[in-house]
Structure formats: C-alpha cells, structure tokens
Amino acid sequence: MANEKFLDAITSRDVDFAQWYTDVVRKAKLCEYTSIKGCMVYMPAGYAIWENIQKNLDARFKATGVKNVYMPMLIPESLLNKEKDHVNGFAPEVAWVTMGGANPLEEKLCIRPTSETLFCEHFAKNLNSYRDLPMVYNQWCSVLRWEKTTRPFLRSKEFLWQEGHTIHETSEEAKDRTKMMLDIYHDFVENDLAIPVIWGQKTESEKFAGAEATYTIEALMHDGKALQSATSHYFGDGFSKAFDVKFIDKNNKYVNPFQTSWGLSTRIIGAIIMVHGDDDGLVLPPHIAPIKSMIIPIGHNKPEILEVANKIYDELKKQGMVVDIDLSDKTPGYKFSNQEVQGIPTRIEIGPRDLENGVVTIVRRDNREKISISLEDVTTKLPEILKQMQKDMYQKAKEHLESHIYEAHNMDELINTFNEKSGFVKAMWCGDEACEDEIKAKTGGATSRCIPFNEEGISEKCVCCGKDAKHLVYFGKAY
RNA sequence: CGAGAAGUAGCACAGCUUGGUAGUGCACCACGCUUGGGACGUGGGGGUCGCAGGUUCGAAUCCUGUCUUCUCGACCA
C-alpha cells in the first residue's frame, strides 16, 4: 500500500497520544529543538500561527483601550523580591545573569519569568493623580522559566506570550477589567481557534502567585486532559502597596490603585494541535490558519491545467485570501498528504477530470469532504466552505468537551470516574485545600481546574470530607 | 528533580555482545520517465558515530563522566 509509509510516520492518536503530539509537531514543521534544553526554534509554519494569534488578539485588546509597551528583559534581584508571595512563586524557576562581560555584577539580574515587578516600578514612577488612571498596558514578549520537564509549545523554558498589566482607581473597575479580558480570551479561543472551554475562578491553591483572584479558561484536549488556555488576574492593591504605587485621589489623599494582569502564551498552539489534530497530522481552524488553501494541479505538465491553477491562485490572492500553489513534480498523493499534515484547511484539486467538467475539487481538511465547484464559483464558494468548516470544527470539539464532563457525588464516584474515564469531573467542594490535596493523591493527579461562573449545586456536601459544600468545582488532569 | 529508554548522514535505524577505520531505507542533487492518495530507473553528494576523558598499537564498539531528547512521576503557563 502506498499509504503505509505515511501512516507509519505519525503515531496513531489512540495508540500513544504523547508520541502522536510530538510526531505532528515535527511533521508539520512547527518547531525544532535546539542545543539548549527546552528552547526551540519556531519555524515559519509555527510562527505564522502565532503571528495570526497576535494580530487577532491585539486588535481585540486595542478596541478596549489597551496600549502596547515593552519592558526590559532583566529584573534586578531587589525589585523581584519586593512582593513576597510573588517571589516565592517564581523563585524556583528563574534564571540569573551574574556577569557583565568579564566582571561579576554587584547585583544579579533575573531574566523575566513575568513582568509584574517591572510594570509596578514603571507605574510607581508615572502615577501621580487619579486623573492618570487607568493605565492599561500590554506587552508582547518572551519570558524564561527554568522548567525541568519540557515539551514543544506546552512547556518550554523560553516561550512567547502577551502579558497585560493595568492599574485602576477603584477595585470595581479593576475587577471589571479582569473579567473583560477573560471574556476576550473566551471569545477569541472559541470563535477563532474553534476551541470550546469551561471558565471560572481558580481555587486558592491554583491561583497566580500574588493575586487576589485568578480566572481561567480551560480547554479539553482530545486525550481528555485539560489545558489552561489563558488566565486573567485581579491583584487588589497588594502589588501596588508592596511597590509603593500610589496616587492622590479626589480628596487629596494618597491611595494605592487596584491592579490586574492577564496573559495568553504560545502554549495555546499546543491546544490547537491537541484539540483539532488527527492521525494525518495538524488540522488548523480556518480563522487562524496562515494559509487557507493549497492549490494542487494534477498532471502539471499539461499547460491548460497550469493555466487554470494559476488563474485561480491569482483571483484568490486578489480578493485577499492567502493561498499557496504546489508546483512541485511530486505525485498527487504526496501533495495531498503534505497539505494534510500541515493542517492547511482546504485544498483545491485541479486535474484533467475536473477540467473536462469545468470544475475544481475542493477538499476539506477536517472531514475530507470533496466538493465540486464550477470554475467561476471558486472565489465565492471557498470563503463559504471555510466558514462552515470553522463552525463544524467548533461543534465537533464542543461535542467532545460535553461528552467528557462527568459528575461525582462522593469520593468513590470521583475516583472511579478518573480511573475509568478522562475529562472533567464536576463535584462539590468545601473550600479546604486539604480536600484538594486528598483528591489529587487519590485520583492519580486530578486538580481543581476552576469554579465555574454558572455554579449549579449538585449536592450539599463536599465530595471529599462530607462537610458543607461551598463550591462546584471542575476537576481534571491537566497539562 | 526522581525512575526508565535512547543519542550513528536531514529523518528512521542497523552495526556494539566478540575493538581493526561506517552501512541500509527514506529525504536531497542530476538525468530520464511519470502524475486523481506518499511512483520508478540510473548516477551522485553528504557522517570528527552527542560531547569530554580513560583503556588499547588501534574505539561507533569497552570503562567513567557529562549533555540532550522521549516516557512516567513531583513542580509549573
């Protein structure tokens, strides 16, 4: 069988999901390892996805008044140490610069693992009056965390992200901003990445180091494990007190502003792979795919075919559609597989058989549906097909998510569900961290993913200790 | 950071037990032939065998150390 070679190349999703993931990343040429553990090259196909994510999110941010800035990569030790919870949270994984040329530095500098401290320093210098508020900033950058176990996109030492940092006059305004940004992430991830999520608040033990409240969107991967896809934090005035950020209010009194931060990283690319990918490789949602369609001429030595292929290519380009054309002398099967492994949402096959009938064949990557379209309709039909594909991909992922949400009313049910199934398990919780720890230990690693915004009461008692329940919690095993 | 596995050409591997100067398939280059699911033929280029020490006349092969990758844990976005 001609296809066997190709099938060998990617491990089946159901045989070994972890190996499948690595195979897809490699075969789709998204990234490459380097000689530094956990640091990777984002190759053109992978970086283009990130560029589209940036473009799309950045526009949404700016529509709400966000301004982009850029902070230094280095943070002096003394500055990092100002907020106790924060430094304790990050200390184990920061890298330090101790030499400048040949000379030891008087104070060592950490390579940013996140930039709260730098933003606070900046805010402290520039904030005077309530009239200066709010300050709503974001930066696109890379950060470094000395991870011990690394995987492409999911956990690397250096990764790309955006981190938003804002300060506000009132806690209400800051809380609104926290929620507003989570809404943006939710909307972006569901509509543009076609990834359905559950969302809500993190428990004390899972929240960001130094935050008063952390909100999250959590996606479910094809293997039933959860991936925290974006977070938004409300800081209260804890950071601004620690960093002495203050302003004079309307009553001529010094007060501390209220603060937020929020971020989304290249990790989301891992989610795209693990939610939509299949045994033939990557499947990119049309909204985020760098190339929307690959034109594949069949029998390219025939000038009349090339002529039609080039004409369609030019027309699609003219209407702003990013498409590519495969003019190599590979066999059609090779070209098909190549387009599929890269996750390009559609291909346009143009061969002798098509030309006889005055049509081309458009093939969807997600379900391989073949659609015959007359030559003159390609430019109008292709956008419709992509639109439908985007919807269908979301729907399919949504069904997967919903069919992998379970309920547990007692510890046995919880343990059994995690033993037998994979996905989210809803259960009531008393609010005690000891119960979270016990659940984690007894289920083989399930943690609280979030307390959903739309809490339902499925029981009166904590699933673990049996005391009065305070919250409904989604538990899951996470990446 | 703990447990396991692995590093030999771009990729996947063989060779190692029993030391003697490196091979196969795919990919790549040239030419020919071919094109509706990873064709074929002929010829060609490419490797300080992860790195560093050691043993030896001689090391891909034996010994020690180290780095990296993968899997599973603990930790984290």
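Just so we're clear, the structure is a prediction, and the values are computed from it rather than from any experiment.

So, about the overall build of chain A. A count of helical and extended segments in chain A gives 15 helices and 23 strands. The C-alpha atoms of chain A give a radius of gyration of 25 Å, which matches the 23 Å a tight globule of 479 residues would have. When its C-alpha atoms are laid out on the principal axes, chain A stretches across 80 × 55 × 50 Å. Residues classed as buried in chain A amount to 54% of the 479 residues present.

Turning to the pattern of salt bridges, a few remarks are in order. Counting across every chain of the model gives 25 salt bridges. Aspartate 280 serves as the salt-bridge partner of arginine 368, at 2.3 Å between the closest nitrogen and oxygen. Taken as a pair, arginine 368 in the loop between strand E18 (359-364) and strand E19 (370-374) and aspartate 280 in the loop between helix H9 (267-276) and strand E15 (293-297) lie far apart in primary sequence, 88 residues in all. In this structure arginine 368 comes out as partly exposed when scored by relative accessible area, which is 42%. Of the charged contacts, one joins lysine 442 and glutamate 438 as a salt bridge, the two residues approaching to 2.8 Å between their closest N and O atoms. One end of the pair is lysine 442 and the other is glutamate 438, both in helix H15 (residues 433-442) and four residues apart, which spans about a single turn. Look at lysine 442 and you get partly exposed, because its relative accessible area is 44%. Classification of glutamate 438 as partly exposed rests on a relative accessible area of 32%. The network of salt bridges with common partners includes Asp280, Glu340, Arg347, Glu349 and Arg368.

In this section: the domain arrangement of chain A. Interfaces are often sized by the accessible area lost when the parts come together. Assigned domains of chain A: these are domain 1 (12-276), domain 2 (293-385) and domain 3 (405-476). One C-alpha centre belongs to domain 1, the other to domain 2; they are set 40 Å apart.

The next thing to look at is the environment of valine 69. As for its position among the elements, valine 69 is in the loop between strand E3 (67-68) and strand E4 (74-76). Distance in space between the C-alpha atoms of valine 69 and asparagine 138 is 6.1 Å, their sequence separation being 69 residues. With sequence-adjacent residues up to four places away left out, valine 69 is seen in contact with Phe119, Tyr137, Asn138 and Gln139.

So, about the side chain of glutamate 218. Take glutamate 218: it is sitting in strand E10 (residues 213-220). Classification of glutamate 218 by relative accessible area gives buried; the value is 0%. In terms of polar contacts, glutamate 218 uses its side chain to reach the side chain of arginine 449, at 3.0 Å. Other than its neighbours up to four places away in sequence, glutamate 218 contacts Pro196, Val197, Ile198, Lys202, Ala226, Leu227, Gln228, Phe424 and Arg449.

Thresholds, definitions, all that
Residues numbered from 1 in each chain as written. Chains lettered and ligands numbered in written order. Predicted model: local features only at pLDDT ≥ 70, side-chain atom pairs only at ≥ 80, totals over all residues. Heavy atoms only, no water. Helix = DSSP H or I, 4+ residues; strand = E, 2+ residues; numbered from the N terminus. Rg over C-alpha atoms; globule rule 2.2 N^0.38 Å. Buried < 20%, exposed > 50% of the residue type's maximum accessible area, 1.4 Å probe, protein only. Salt bridge = Lys/Arg side-chain N within 4 Å of Asp/Glu carboxyl O. Domains from an automatic or database assignment. Contact = heavy atoms within 4.5 Å. Polar contact = N/O pair within 3.5 Å; in protein donor to acceptor, adjacent residues only side chain to side chain.

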